[in-house]
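# Fold and geometry: a report
So you can see what is in the structure, the chains are spelled out below.
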There are 4 protein chains.
Amino acid sequence: MLEELKVQVWEANLELQKRGLVLYTWGNASGFDKESGLVVIKPSGVEYEKLEPKDMVVVDLAGNQVEGGLRPSSDTPTHLVLYREFSGIGGIVHTHSTYATIWSQAGRGIPTFGTTHADYFYGEVPCTRKLKSAEVEGSYEDETGNVIVETMKGRVPVHVPGILVANHGPFSWGKDAHEAVYHGVVLEELAKMALHTCALNKEIEAIDQVLLDKHFLRKHGKNAYYGQGTL
Amino acid sequence: MLEELKVQVWEANLELQKRGLVLYTWGNASGFDKESGLVVIKPSGVEYEKLEPKDMVVVDLAGNQVEGGLRPSSDTPTHLVLYREFSGIGGIVHTHSTYATIWSQAGRGIPTFGTTHADYFYGEVPCTRKLKSAEVEGSYEDETGNVIVETMKGRVPVHVPGILVANHGPFSWGKDAHEAVYHGVVLEELAKMALHTCALNKEIEAIDQVLLDKHFLRKHGKNAYYGQGTL
Amino acid sequence: MLEELKVQVWEANLELQKRGLVLYTWGNASGFDKESGLVVIKPSGVEYEKLEPKDMVVVDLAGNQVEGGLRPSSDTPTHLVLYREFSGIGGIVHTHSTYATIWSQAGRGIPTFGTTHADYFYGEVPCTRKLKSAEVEGSYEDETGNVIVETMKGRVPVHVPGILVANHGPFSWGKDAHEAVYHGVVLEELAKMALHTCALNKEIEAIDQVLLDKHFLRKHGKNAYYGQGTL
Amino acid sequence: MLEELKVQVWEANLELQKRGLVLYTWGNASGFDKESGLVVIKPSGVEYEKLEPKDMVVVDLAGNQVEGGLRPSSDTPTHLVLYREFSGIGGIVHTHSTYATIWSQAGRGIPTFGTTHADYFYGEVPCTRKLKSAEVEGSYEDETGNVIVETMKGRVPVHVPGILVANHGPFSWGKDAHEAVYHGVVLEELAKMALHTCALNKEIEAIDQVLLDKHFLRKHGKNAYYGQGTL
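Residues numbered from 1 in each chain as written. Chains lettered and ligands numbered in written order. Predicted model: local features only at pLDDT ≥ 70, side-chain atom pairs only at ≥ 80, totals over all residues. Heavy atoms only, no water.

Let us now look at the overall build of chain A. Assigned secondary structure in chain A consists of eight helices and seven strands. On C-alpha atoms alone, chain A measures out to a radius of gyration of 17 Å, which is about the 17 Å that the 2.2 N^0.38 rule sets for 231 residues. Seen along its three principal axes, the alpha-carbon backbone of chain A occupies a region of about 50 × 50 × 35 Å. Put simply, of all contacts in chain A between residues at least 6 apart along the chain, 64% involve residues at least 24 apart. (Helix = DSSP H or I, 4+ residues; strand = E, 2+ residues; numbered from the N terminus. Rg over C-alpha atoms; globule rule 2.2 N^0.38 Å. Contact = heavy atoms within 4.5 Å.)

Here the focus is the relation of the copies chain A and chain C. The transform that puts chain A on chain C rotates by 90° and translates by 0.0 Å along the axis, for an RMSD of 0.0 Å. In the structure described here, the two chain copies are related by an operation that fits a four-fold rotation axis. Rotation axis and chain A: the residue whose C-alpha lies nearest the axis is A199 of chain A, separated from it by 5.8 Å. (Least-squares fit on C-alpha atoms with pLDDT ≥ 70 in both.)

Another point: the interface of chain C and chain D. Contact residues are listed per partner, giving 34 residues for chain C and 32 residues for chain D. Between chain C and chain D, a total of about 3,200 Å² is buried, with carbon and sulfur atoms accounting for 55% of that surface. At the surface where chain C touches chain D, the tally comes to three salt bridges. One salt bridge in this structure joins R218 of chain C and E141 of chain D, with 2.5 Å as the shortest N-O distance. Between chain C and chain D we count nine residue pairs in polar contact (both at pLDDT 80 or more) in total. Taken together, the elements giving at least two residues each to the side of chain C that touches chain D come down to helix 4 (115–118), helix 7 (177–200) and helix 8 (209–220) of chain C. Here the element with the most residues in the side of chain C that touches chain D is helix 7 of chain C; it accounts for eleven residues. (Buried area = accessible area lost by both parts, 1.4 Å probe. Salt bridge = Lys/Arg side-chain N within 4 Å of Asp/Glu carboxyl O. Polar contact = N/O pair within 3.5 Å; in protein donor to acceptor, adjacent residues only side chain to side chain.)

Okay, a positive patch on the surface next. A contiguous patch of positive charge, built from K202 of chain A, K202 of chain B, K202 of chain C together with K202 of chain D, is present on the exposed surface. Relative accessible area serves as the criterion here: at 69%, K202 of chain D is assigned to the exposed category. (Patch = residues over 30% accessible without salt bridge, like charges linked within 9 Å, V, L, I, M, F, W, Y side chains within 5 Å. Areas by Shrake-Rupley, 256 points an atom, 1.4 Å probe, with all protein chains shown as cover. Lys, Arg positive; Asp, Glu negative; His and termini not counted. Charge placed at Lys NZ, Arg CZ, Asp CG, Glu CD. Buried < 20%, exposed > 50% of the residue type's maximum accessible area, 1.4 Å probe, protein only.)

Attention shifts here to the sheet that holds strand 2 (residues 38–41) of chain C. Residue and element names in this part refer to chain C. Taken in spatial order, the seven strands line up as 4-3-2-1-5-7-6 in an open sheet, and their pairing is antiparallel. This sheet does not close on itself; its edge strands, each paired only once, are strand 4 (65–67) and strand 6 (162–165). Pairs of neighbouring strands in the sheet enclose a mean axial angle of 25°, with direction left out of account. Note that strand 3 (residues 57–60) and strand 4 share two bridges and pair antiparallel. By the bridge assignment, V58 is partnered in strand 4 with E67. Across the sheet, helix 1 (residues 3–18) touches strand 1 (27–33), strand 2, strand 3, strand 4 and strand 5 (91–95), and the angle it forms with strand 1 is around 155°. Against the sheet, helix 7 engages strand 1, strand 5, strand 6 and strand 7 (169–174), with an angle of about 140° to strand 7. (Pairing = 2+ DSSP bridges. Axes fitted to C-alpha atoms, helices over the stretch in contact; angles between N-to-C directions.)

Turning next to the pairing of strand 3 (residues 57–60) of chain B. What you see with strand 3 of chain B is no split at all: V57 and V59 of chain B on one side and V58 and D60 of chain B on the other are buried throughout. Following strand 3 of chain B, the chain reverses through four residues before pairing antiparallel with strand 4 (residues 65–67) of chain B; G63 of chain B in that reversal takes a positive phi of roughly 95°.

Here we come to the arrangement of the chains. Without any contact between them, chain B and chain C keep their closest C-alpha atoms 12 Å apart. Regarding chain A and chain D, the two do not touch, and the least distance separating their C-alpha atoms is 12 Å.

Before going further, it helps to spend a moment on unusual backbone geometry. Residue and element names in this part refer to chain D. The backbone of L2 shows a phi angle near 55°, a positive value even though the residue is not glycine. In this structure, L2 sits in the segment before helix 1 (3–18). One non-glycine residue with positive phi stands out, namely N167, at about 70°. Locating N167 in the fold gives a position in the loop between strand 6 (162–165) and strand 7 (169–174). For N167, a relative accessible area of 8% puts it in the buried group.

Turning our attention to helix 1 of chain C. Residue and element names in this part refer to chain C. Relative to the 22 Å expected for 16 residues at 1.5 Å per residue, helix 1 spans 23 Å between its end C-alpha atoms, a close match to the ideal helical length. Lining the buried residues of helix 1 we find strand 1, strand 2, strand 3, strand 4, strand 5 and helix 7. Where helix 1 terminates, the next one or two residues include G20, which has phi positive at roughly 80°. (Expected span 1.5 Å × (residues − 1).)

This paragraph deals with the interface of chain A and chain C. Taken residue by residue, the interface counts 34 residues in chain A and 32 residues in chain C. In total, chain A and chain C occlude about 3,100 Å² of area from one another, counting both sides; carbon and sulfur atoms represent 56% of this. In this assembly, chain A and chain C are joined by three salt bridges. Put simply, D75 of chain C and R218 of chain A hold a salt bridge, and the shortest N to O gap is 3.7 Å. Taken together, the elements giving at least two residues each to the side of chain A that touches chain C come down to helix 4 (115–118), helix 7 (177–200) and helix 8 (209–220) of chain A. Per-class residue counts for the side of chain A that touches chain C are 16 nonpolar, ten polar and eight charged. (Nonpolar A, V, L, I, M, F, W, Y, C, P; charged D, E, K, R; others polar.)

Relative to the assigned elements, S44 of chain D resides in the loop between strand 2 (38–41) and strand 3 (57–60). Contact partners of S44 of chain D, with chain neighbours within four places excluded, come to Y226, G227 and Q228 of chain C together with R71, P72, S73 and S74 of chain D.

The subject of this paragraph is the UniProt feature "domain: Class II aldolase/adducin N-terminal" (unreviewed entry) in chain A. The positions UniProt marks with the feature "domain: Class II aldolase/adducin N-terminal" (unreviewed entry) are residues 7–195 of chain A. When the span residues 7–195 of chain A is considered, its composition is 38% helix and 16% strand, and the gap between its end C-alpha atoms is 35 Å. (UniProt positions renumbered as here; feature names shortened; annotations may be inferred.)

A few words now on the sheet that holds strand 7 of chain D. All names here are of chain D. Across the sheet, which stays open at both edges, the seven strands sit in the order 4-3-2-1-5-7-6 with antiparallel pairing between neighbours. Both edges of this open sheet fall to strand 4 (65–67) and strand 6, since each of them pairs with a single strand only. This sheet shows a mean twist of 25° between the axes of neighbouring strands, independent of strand direction. Pairing geometry for strand 1 (residues 27–33) and strand 2, over four bridges, is antiparallel. Residue S30 lies in a different strand from strand 2, and its bridge partner there is I41. Sitting on the sheet, helix 7 (residues 177–200) touches strand 1, strand 5 (91–95), strand 6 and strand 7, and the angle it makes with strand 7 is about 140°.

Attention now goes to the environment of L5 of chain D. Residues and elements named next belong to chain D. Along the chain, L5 turns up in helix 1. Here the alpha-carbon distance between L5 and V40, two residues 35 residues apart in the chain, equals 7.1 Å. Once you skip the residues sitting within four places of it in the chain, L5 turns out to touch G31, F32, D33 and V40.

So, about the packing of helix 7 of chain C against helix 3 (residues 98–106) of chain D. Taken N-terminus to C-terminus, the directions of helix 7 of chain C and helix 3 of chain D make an angle of 50°; their axes are 9 Å apart at the nearest point. When the interaxial angle is binned, helix 7 of chain C and helix 3 of chain D end up oblique. Classified by chirality, the crossing of helix 3 of chain D by helix 7 of chain C is right-handed. Across from E189, K192, M193, A194, H196, T197 and L200 of chain C in helix 7 of chain C, the residues of helix 3 of chain D making contact are T98, Y99, T101, I102, W103, Q105 and A106 of chain D. (Parallel < 35°, antiparallel > 145°, perpendicular 65-115°, else oblique. Left-handed = near helix turned anticlockwise from the far one by under 90°.)

Let us now look at helix 2 (residues 76–85) of chain D. Residues and elements named next belong to chain D. Among the ten residues in helix 2, seven count as buried, and that is most of the element. Taken together, the buried positions of helix 2 are T76, T78, H79, L80, V81, L82 and Y83. If you follow the buried residues of helix 2, they end up packed against strand 1, strand 2, strand 3, strand 5, helix 6 (140–152) and strand 7.

The next thing to look at is the packing of aromatic side chains. Note on aromatic pairs: each is described by the distance of the centres and the angle between the planes. Evaluation of the coordinates by the stated rule reveals 24 aromatic pairs over all chains. Summarising the aromatic geometry, the rings of F32 of chain D and Y83 of chain D are spaced 5.2 Å apart at their centres and angled 25° between planes, so their arrangement reads as stacked. Of the two residues, F32 of chain D sits in strand 1 while Y83 of chain D sits in helix 2, which places them 51 residues apart along the sequence. Each member of the pair, F32 of chain D as well as Y83 of chain D, carries the same accessibility label: buried. Clustering of aromatic rings is evident, with ring pairs tying together Y24 and W26 of chain A together with Y120 and Y182 of chain B. Sitting above the plane of the Y48 of chain B ring, K42 of chain B keeps its charged end 5.0 Å from the centroid. (Phe/Tyr/Trp six-rings, centres within 6.5 Å; stacked < 30°, edge-to-face > 60°. Lys NZ or Arg CZ within 6 Å of the ring centre and 35° of its normal.)

Residues and elements named next belong to chain A. By the definition in use, this model includes zero disulfides over all chains. With no disulfide partner, C198 has as its closest neighbouring cysteine sulfur the one in C127, 13 Å distant. Overall, C198 belongs to the buried group, its relative accessible area being 15%. (Disulfide = S-S within 2.5 Å.)

Written out as structure tokens, the structure is:
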């Protein structure tokens, strides 16, 4: 069942480690099969070295486990909220990558300080508000998804492919699990650059809208001319 | 004698190097055999590359060398204080890992800035007071253990599996030598994140108690639901 | 056609990745053949792992594609401006390397804080002004080249072999593509050192002119005595 | 001639690269043969990858080249001053390692912030004054050695096995070339830790003399009990 997607999600999870985004089991990647409406996700707390494609867990969008002998990631409910709410999303990644987590812990969104950022995120990488006590004590993982959705209101998920959850860490997404990893790696690098940019120039502000438009749209707009896509 | 434990302690020492926690010989791991009441520890000042399981030294809790042709780590008396005082501890690690040492040198405990921290430490990673002159000039390594015990008063060692010794560096512990290494690696990452979190938001405070409870207890409480343990 | 130069440019592109200057496809190197007046450059958005010498694209100084089945780097017009305007330049590199990009984002040139800097750059690594809206909306990549040329006015390109484009990142150059990579690596290290030098001593100023002269000229002047060149 | 020492110096130079202390050719190690009064040193500007033991250059303490087809490191005169002035020194290393260079550029000595430092340096790692114009324009490399000697006045070289040259970078030494490398690696780590210690606690001061004595002397005094040396 969904064998191809399982391999892809397994590869994406391994790439999180290879790219230095996770220590031990601190991260997870999932993929969404649009046709069946099912999600494939990493099992909870299993070492990356021991993972195999067959260990991937299949759940439906309501959270029912459909296949797999292991318990899914404890963050599964958060992934499911995002798949239900964000259109065009086929993969999600959550990590505690160092620099993105630093911004999350500081409770600050990452301003658009340069074209590296503008090439992937159409504006600030937002940071959620803190969860309220009732949300933490209630369905915590669902509420984490809900506060992400709340924060993304007015933003187009495919144009802002990641977010920081306050006090916690980053989530990123993309058209599939691989692109979600890619955006997680980009977000980590943007976070590192932005941290030191603030230190070096305390008055620095986000780049002009015109430069943001130029860079984002030369890669993502309908007149995109970066890469080989429309050659 | 204790051949299995020697292999485990040897592996734990090597992992300190593999994980980037030690330069040269700047660290040591030990393990405790509850049944015999004996401790296996790394010999003093031997390069990791040359260590073999048979080089591990066996001492009793009073510090008498029971086996081994090499002198035990100069930090052995500190380890012994902790094994005598902390219940449920089967492994101890001491390193001078970069970021944990920075906090030790700065004389500051690491606040609970995020859920990464809360997943492993139930509150602040404390920093001891400075040792008094008489303590340094007396039984220095014993006194290092004593000041750790003093600082941990009111904390449960298995819930706060590491500490910073002021002007010195971190000690971590766990149910065995491997878990002590694991907690040393986690502590180093928390220390790095926390350093930059402070720089990015000078007013940042520890997370709410409710979030600390949620994260620590979902992994460690009796209703833990992270990982595969209770599936 | 230009087979030797293609291999050299291909190698230079791979070295960008090997030296840690690029994430994914975030960089490009080109080489100039003085005799034919042609430029060899990396194709746009192709993964480094998949690049082969035959994928390199040949363009003339006016930007006409002379050979190659792939579209050239989107930064090609910027490279061409520099080849047309700077004499003695045979290779150009553009990256988003972490620390050089941080200075670019902060909009600050890198002062000559030490002899490491003075060994390669005869004075500050300048940072351009921000582009105006009309420049961004017009021929953006040409204007990026133009603002580099404007900023370098009064400086000798072979003595200041790199620059920071505000809000964007570094460009470096040299007598060929390999030397351009070399200067990109040096610039990244200077940027890292300078960032922390500022943090450690907020009053720090550039080194004296006499020390700058000494170091730059012992490597680059007509009386140079570093290396084996004139032995 | 001095074949064994050549191999040792060659190994020490390679280790500088392996340990991450040098970029390209930015460093050199030398060794001193007490019996013959000759110094073996790396040739100037040769890539580490291409170095062989036979490329090492032999000079006497007055700077006359005694053997070797290549020109010695441009820093040779500085090494020679130190061999002439510091007793007990059998190896010297100069690098532009990142964090030690940052302190050099900032013109600040590294305070004894912790026991890691106290284990190797008996007090502050000093930073020289800036060279005067006449010194830079005169016998620059000799004067670099002279200002090191001037700064070390009142300190015992074998107890303070390294120094920062203002605006430039670190020199370290030891009983042979390998120990000089070792001290260079230690100095780099101390510099990194100290940089962030200052950032985390702006009021931090050096550790107490009694703790410095304890740590330095338990490794280096006549009653040393660290390691296996006196077992």
